[in-house]
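A structural walkthrough
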Amino acid sequence: FMPLSRRMNNQYIQSNRSAIPFQNKHEAIASCKTDTDLFKLLNPEGRYYKLNCQNLVKDLQPTLEFRQHSSTSNYKKVSAWIRFCAALVYNSANGPRPPALSLVERDDQGDDLFN
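Residues numbered from 1 in each chain as written. Predicted model: local features only at pLDDT ≥ 70, side-chain atom pairs only at ≥ 80, totals over all residues. Heavy atoms only, no water.

When helices and strands are counted, the chain shows six helices and two strands. When the helices and strands of the chain are read in sequence order from the N terminus, they spell out α-α-α-β-α-β-α-α. Counting across all 115 residues of the chain, residues that qualify as buried make up 26%. A separation threshold of at least 6 residues defines the contact pool for the chain, and within that pool the share at least 24 residues apart is 50%. By element, 53% of the accessible surface of the chain is carried by carbon and sulfur atoms, the whole surface being about 8500 Å². (Helix = DSSP H or I, 4+ residues; strand = E, 2+ residues; numbered from the N terminus. Buried < 20%, exposed > 50% of the residue type's maximum accessible area, 1.4 Å probe, protein only. Contact = heavy atoms within 4.5 Å. Areas by Shrake-Rupley, 256 points an atom, 1.4 Å probe, with all protein chains shown as cover.)

Here it is, written out as structure tokens:
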């Protein structure tokens, strides 16, 4: 799906998964009490992660940045990436919550992303 250059050792698109320092990443995510806790867990050292949540942490604007795709002017690649990101956001906002996350109290910060 992604070229090797966008998956390995790139300082500008670090892995969000690797950013979570805990052995059990699911428990670390489930232990987040607020959206801001989750965003800080996913982006502990700035914006250079595949999913950049820094605008939400800093209250700059209600946006997520998907940084993983490489630069291209190829219509088919751009179109497929946009469809993938849109489907990911739509299904995340409208699909059922996983059981572990349903138990966590959350604040409503970030709700504006999906309205």
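Here we come to the packing of aromatic side chains. Within the structure shown, the criterion is met by two aromatic pairs. Centroid distance Tyr12 to Tyr48: 5.2 Å. Interplanar angle 80°. Geometry classified as edge-to-face. On the criterion of sequence distance, the pair formed by Tyr12 in the segment before α1 (16-19) and Tyr48 in the loop between α3 (35-42) and β1 (51-52) is long-range, its members being 36 residues apart. Owing to a relative accessible area of 29%, Tyr48 belongs among the partly exposed residues under this scheme. (Phe/Tyr/Trp six-rings, centres within 6.5 Å; stacked < 30°, edge-to-face > 60°.)

Bringing the confidence of the model for the chain into the picture now. For the chain, per-residue confidence averages 79 on the pLDDT scale, and residues scoring 70 or more make up 77% of the total. Across the chain, the secondary-structure element scoring lowest on mean pLDDT is helix α6 (residues 99-102), at 56, and the one scoring highest is β1, at 91. (pLDDT = per-residue confidence, 0-100.)

With that settled, consider the pattern of salt bridges. Across all of its chains, the model carries one salt bridge by this definition. Between Arg67 and Glu65 there is a salt bridge, and its shortest N-O distance comes to 3.2 Å. (Salt bridge = Lys/Arg side-chain N within 4 Å of Asp/Glu carboxyl O.)

Formed by Ile20, Ala28, Cys32, Leu38, Phe39, Leu41, Leu42, Cys53 and Leu56, the largest nonpolar core amounts to nine residues. The biggest single contributor to this core is α3, with four residues. Apart from residues lying up to four places away in sequence, Leu41 is in contact with Ala19, Ile20, Pro21, Phe22, Ala28, Ile29 and Cys32. (Core = buried A, V, L, I, M, F, W, Y, C linked by side-chain atoms within 4.5 Å.)

The subject of this paragraph is helix α5 (residues 75-94). With 20 residues, α5 extends 28 Å between its outermost C-alpha atoms, agreeing within 8% with the 28 Å of an ideal straight helix rising 1.5 Å per residue. Those residues of α5 not exposed but buried are Ser79, Trp81 and Cys85. Down the axis of α5, the buried side of the element spans an arc of 165°, and every buried residue falls inside it. Of the exposed residues in α5, those oriented more than 90 degrees away from the buried face are Tyr75, Lys76, Arg83, Tyr90 and Asn91. On its buried face, α5 sits against β2 (65-66). (Expected span 1.5 Å × (residues − 1). Arc of directions from axis to C-beta.)

Turning next to the environment of Leu41. Here Leu41 is to be found in helix α3. Considering only alpha carbons, one finds Leu41 and Ala19, 22 residues apart in sequence, at a separation of 7.3 Å.

Burial analysis of α3 places six of its eight residues in the buried class, which makes it a mostly covered element. Buried within α3 are the following residues: Asp35, Thr36, Leu38, Phe39, Leu41 and Leu42. Of the surrounding secondary structure, the elements contacted by the buried residues of α3 are α1, α2 (25-30) and α4 (54-57).

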